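Next come the chains, spelled out residue by residue.
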2 protein chains.
Amino acid sequence: MGAMKPYDERLDHLLAQAARVFARKGYHSTSMRDLARSSGMSLAGMYYYVRGKEELLQLIEERCFTQVLDGARLAVTAARDPVERLHAFIRHHVTFFAAHMAEMKVLSHEANALPEDRLARVNAIKRRYVDLLQGLLQDAAPEERSADSSAAAYVLFGMMNWIYNWYDPAGEIAPDRLAELIARIFLGGFVEAHPTATGRNS
Amino acid sequence: MGAMKPYDERLDHLLAQAARVFARKGYHSTSMRDLARSSGMSLAGMYYYVRGKEELLQLIEERCFTQVLDGARLAVTAARDPVERLHAFIRHHVTFFAAHMAEMKVLSHEANALPEDRLARVNAIKRRYVDLLQGLLQDAAPEERSADSSAAAYVLFGMMNWIYNWYDPAGEIAPDRLAELIARIFLGGFVEAHPTATGRNS
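Everything numeric here is computed off the predicted structure, so don't read it as measured data. (Residues numbered from 1 in each chain as written. Chains lettered and ligands numbered in written order. Predicted model: local features only at pLDDT ≥ 70, side-chain atom pairs only at ≥ 80, totals over all residues. Heavy atoms only, no water.)

**A look at the relation of the copies chain B and chain A**
What relates the pair of chain copies is a rotation about an axis plus a shift along that axis.
In step 1: Mapping chain B onto chain A calls for a rotation angle of 180° and an axial translation of 0.0 Å; the resulting RMSD is 0.0 Å. As the rotation angle and translation indicate, the two copies are arranged about a two-fold axis. Residue B:Gly189 of chain B places its C-alpha closer to the rotation axis than any other residue of that unit, at 1.9 Å.
In step 2: The fraction of interface residues of chain B whose copies in chain A are also interface residues reaches 100%, indicating that both copies meet through the same surface. (Least-squares fit on C-alpha atoms with pLDDT ≥ 70 in both. Contact = heavy atoms within 4.5 Å.)

Here it is, written out as structure tokens:
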């Protein structure tokens, strides 16, 4: 692990800078030359890490979904009941993306920019993340119809993911507070309408 | 009015087709030639209506925000109290955009594609629409802190606007039913936590 670190740090830097440029200019309008300029690396240096722009976008998307999936699994493990697990998932998602706004915009806007084989790899991880939330929702509100429960998962992702359009993590509302507002709306409106399922209707 | 109709119909057709192409390929990757092909119009025919791609995007955005703003004003006028007005706003927004998914994707993805002067005109209409929702929220939940109320408006827009990423209006959940699900979550989680304000806590 130790021997890998310098390699990983430069790659991390490259991925973080590339996400910023893709978020600002759009993937299709960005050249490897633009990315070299903003990352402070030479073109040759960049090609040491990735074969090109496609691989760079794939790595940004794969890493981001892997990190948010791993973090969410850890967060829900610590919670005691279905509603707390859902609450922990929301808190983790919002605070993670508030700290990765550029990556989040890229995940949303460039969801279909990759060719099919690369897209399939990204979507396999994304699918596991969506499945995790849908499982939590079924546990927290088991009597919902399956179509409604599935739609509710995407409605919740909408509340959380749309923040890249308006939210400033350095502004009046800190990420923790935004996470609580979203949890309050979603848990209050969707889950706590089911007192028998959650045992916590107030 | 009657004499204007043939003109408007061709322009409407052009705007609808252009929105579809922009939604699929992205604004920057689309040429006037692509738009001529998909609309079945000649380049000369298109230039009779608009000066170019920029004006086309501006018209799509202005028309869409104007229509949704006018429709929302009408919908809330018919409602009897603050919660019903908010409910009517949500129902109108979701059903309008379920019927205009391409325009909705363009409004979201190309929000910053226009040059400053054109963008300012679009954003002036958008601002009136956001103000309308924020006013409804303040009436329905007056004791919320202003920052939370403002954030809640964007959280609600997120629930509603994200649908272009996952929702199929021809699928299992009809637009009306999706609108009711979103209204139930938002009104239940944000508004009905305020029994004194709404007089309808259940």
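Following the structure, the description resumes.
**Focus: the packing of helix 4 (residues 53-77) of chain B against helix 6 (residues 101-109) of chain B**
Residue and element names in this part refer to chain B.
In step 1: Where helix 4 contacts helix 6, the axes come no closer than 10 Å and their chain directions differ by 110°. Considering their axes alone, helix 4 and helix 6 lie roughly perpendicular with respect to each other. Taken as a pair, helix 4 and helix 6 cross one another with a handedness that is left-handed. For the pair helix 4 and helix 6, contact is made by Leu-57, Ile-60, Glu-61, Cys-64 and Phe-65 and by Glu-103, Val-106 and Leu-107, respectively.
In step 2: Classifying every residue of the contact of helix 4 with helix 6 gives 6 nonpolar, no polar and 2 charged. (Axes fitted to C-alpha atoms, helices over the stretch in contact; angles between N-to-C directions. Helix = DSSP H or I, 4+ residues; strand = E, 2+ residues; numbered from the N terminus. Parallel < 35°, antiparallel > 145°, perpendicular 65-115°, else oblique. Left-handed = near helix turned anticlockwise from the far one by under 90°. Nonpolar A, V, L, I, M, F, W, Y, C, P; charged D, E, K, R; others polar.)

**Considering the interface of chain B and chain A**
In step 1: In this assembly, 31 residues from chain B lie in contact with 31 residues from chain A.
In step 2: Of the roughly 2,900 Å² buried at the junction of chain B and chain A (both faces included), carbon and sulfur atoms supply 65%.
In step 3: The largest contributions to the chain B side of the interface with chain A come from B:Val155, B:Trp162 and B:Ile185, which together make up 22% of the buried area.
In step 4: Counting the contacts that link chain B with chain A gives 4 salt bridges.
In step 5: Among the ionic pairs, A:Asp148 bridges to B:Arg177, the shortest N-O distance being 2.9 Å. (Buried area = accessible area lost by both parts, 1.4 Å probe. Salt bridge = Lys/Arg side-chain N within 4 Å of Asp/Glu carboxyl O.)

**Here's the deal with the side chain of A:Lys53**
Residue and element names in this part refer to chain A.
In step 1: Along the chain, Lys-53 falls in helix 4 (residues 53-77).
In step 2: The buried charged residue Lys-53 lacks any salt bridge partner; its closest oppositely charged side chain belongs to Asp-34, at an N-O distance of 7.7 Å.
In step 3: Ignoring any residue separated from it by four or fewer positions in sequence, one finds Lys-53 in contact with Phe-22, Tyr-27, His-28, Thr-30, Met-32 and Leu-35. (Buried < 20%, exposed > 50% of the residue type's maximum accessible area, 1.4 Å probe, protein only. Lys, Arg positive; Asp, Glu negative; His and termini not counted.)

**As for helix 5 (residues 82-98) of chain A**
Residue and element names in this part refer to chain A.
In step 1: When the terminal C-alpha atoms of helix 5 are compared, their 24 Å separation across 17 residues agrees well with the 24 Å that a helix rising 1.5 Å per residue should span.
In step 2: For helix 5, the buried fraction is high: 12 of the 17 residues fall into the buried class.
In step 3: Considered for burial, the residues of helix 5 that qualify are Val-83, Leu-86, His-87, Ala-88, Phe-89, Ile-90, His-92, His-93, Val-94, Phe-96, Phe-97 and Ala-98.
In step 4: Of the residues flanking the start of helix 5, the one acting as N-cap is Asp-81, its side-chain oxygen 3.0 Å from the backbone nitrogen of Val-83. (Expected span 1.5 Å × (residues − 1). Polar contact = N/O pair within 3.5 Å; in protein donor to acceptor, adjacent residues only side chain to side chain.)

**Brief notes about the pattern of salt bridges**
Pairing is possible between side chains that carry opposite charge, provided their charged atoms lie close to one another.
Residues and elements named next belong to chain A.
In step 1: All told, the structure shown has 22 salt bridges over all chains when counted by the stated rule.
In step 2: With a closest N to O distance of 3.6 Å, Asp-34 and Lys-25 form a salt bridge.
In step 3: Accessibility expressed as a relative area gives 15% for Asp-34, which makes it buried.
In step 4: Arg-91 is paired through a salt bridge with Glu-180; the nearest N and O atoms lie 3.5 Å apart. A residue pair is termed long-range when its members are at least 10 positions apart, and Arg-91 in helix 5 and Glu-180 in helix 9 (residues 175-191) qualify at 89 residues.
In step 5: Glu-180 gets classed as partly exposed once you look at its relative accessible area, which sits at 34%.
In step 6: Linked through salt bridges whose partners overlap, the residues forming this network are Lys-25, Asp-34 and Arg-37.

**Digging into the environment of B:Ala88**
All names here are of chain B.
In step 1: As for its position among the elements, Ala-88 is in helix 5 (residues 82-98).
In step 2: You can call Ala-88 buried: its relative accessible area is 7%.
In step 3: Expressed as a C-alpha distance, the spacing of Ala-88 and Gln-134, which sit 46 residues apart in the sequence, is 14 Å.
In step 4: In contact with Ala-88, not counting residues within four places along its chain, are Ala-75, Val-76 and Ala-79.

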